[in-house]
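Architecture at a glance
Below are the chains, spelled out letter by letter.
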Amino acid sequence: MNPANRKADTPLPGDGLTSADGSAVFSIFTATTRKILEEKDVSKVLLHVCEEACRVLGADRALVVRIQEDQEPLRKILASHNVPPEFINTLEASKKRSFIHDAIEKKKVGIFSDIENESKVFDPEHVRRMGLRAVCVIPLVVAEKSFGALVLYHLTPKEYAPRDRELAETFGALGSIAIENAQLVKSLETGLAGQKSLQRALTQITSGQE
């Protein structure tokens, strides 16, 4: 199967890159790192992480979610790839704890290879409506604190080999770095703006005393 609008070396959703594609994976990680350093808009960086994680691991959908324990919504979607608006609205509107919270608290990748066999964790009706079959939750740790997660969704069952888990953890690390970098840049810009305001105030005070 090789549709006319698809390059021969571009994996279809669900294919993923194999361990033999090491150079391609390395190029993707290098490009993502460069984007983190060059792009100031963190939402664009996180979208890039979602897209490339889907490409490498064969996921059909991906999103980055922030857990906000002390404010509404409890879950805020920061970026998403191929995720229907209905799904995002449902996720943000829900006030229930979920498998995402568990993975974040444990700071450990959570993998559900076939969620039809996980009725205690997933709502069967919700699973059928969204057509989901496998999920991988990668915690995002920012400044040594739990921040949220990169969540990958598959429309077919998906077994994660040890290599897949390592790749998922790497994408989680890149997402965490992107968020921490954005926070640092914002802090520096705020500090610089405050410094300039202070300088203006001091100038006005000293000029008034002349």
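Refer to the preceding data block for the structure.
Okay, so let's go over this structure.

Criteria and cut-off values
Residues numbered from 1 in each chain as written. Predicted model: local features only at pLDDT ≥ 70, side-chain atom pairs only at ≥ 80, totals over all residues. Heavy atoms only, no water. Helix = DSSP H or I, 4+ residues; strand = E, 2+ residues; numbered from the N terminus. Buried < 20%, exposed > 50% of the residue type's maximum accessible area, 1.4 Å probe, protein only. Contact = heavy atoms within 4.5 Å. Areas by Shrake-Rupley, 256 points an atom, 1.4 Å probe, with all protein chains shown as cover. Lys, Arg positive; Asp, Glu negative; His and termini not counted. Salt bridge = Lys/Arg side-chain N within 4 Å of Asp/Glu carboxyl O. Polar contact = N/O pair within 3.5 Å; in protein donor to acceptor, adjacent residues only side chain to side chain. Pairing = 2+ DSSP bridges.

**Side note on the overall build of the chain**
Secondary structure summary: the chain contains six helices and five strands in total. Tracing the chain from N to C terminus, the helices and strands come up as α-α-β-β-α-α-β-α-β-β-α. Relative to its full complement of 210 residues, the chain shows a buried share of 40%. For the chain, the proportion of contacts with a sequence separation of at least 24, taken over those separated by at least 6, is 56%. Counting every atom, the chain has about 12500 Å² of accessible surface; 52% of that belongs to carbon and sulfur.

**Re the side chain of Asp60**
Structurally, the position occupied by Asp60 is in the loop between α2 (42-57) and β1 (61-67). It is Arg61 that comes nearest to the buried, bridge-free Asp60 among opposite-charge side chains, at 7.1 Å. Polar side-chain contacts of Asp60 include one of 2.8 Å to the backbone nitrogen of Leu155.

**Details of unusual backbone geometry**
Despite not being glycine, Ala143 has its phi angle at roughly 55 degrees, a positive value. With respect to the secondary-structure elements, Ala143 resides in the loop between β4 (134-142) and β5 (145-154). In this structure, Glu144 is a non-glycine residue whose phi angle is positive, near 65 degrees. In this fold, Glu144 is placed in the loop between β4 and β5.

**Some remarks on the pairing of β4**
Burial within β4 is extensive, with eight of its nine residues counted as buried. Summarising the sheet, strand β3 (residues 110-112) and β4 pair through three bridges and their orientation is antiparallel. When the bridges of β4 are listed, Phe112 appears paired with Val135. Sheet analysis places β4 next to β5, joined by nine bridges and oriented antiparallel. Across the sheet, residue Val141 finds its bridge partner in β5, namely Ser146. Counting the residues in the hairpin turn of β4 and β5 gives two residues, including Ala143, whose phi is positive at 55 degrees.

**A few points about the pattern of salt bridges**
Applying the stated criterion across every chain, the model contains eight salt bridges. The closest approach of N and O atoms between Asp164 and Lys158, which form a salt bridge, is 3.9 Å. Take Asp164: its relative accessible area is 13%, and that puts it in the buried class. When its relative accessible area of 16% is taken as the criterion, Lys158 is described as buried. Among the salt bridges present, the one from Arg163 reaches Glu166, with a minimum N-O distance of 4.0 Å. Highlighted residues: Arg163 and Glu166, both in helix α6 (residues 162-208), separated by three residues, approximately one helical turn.

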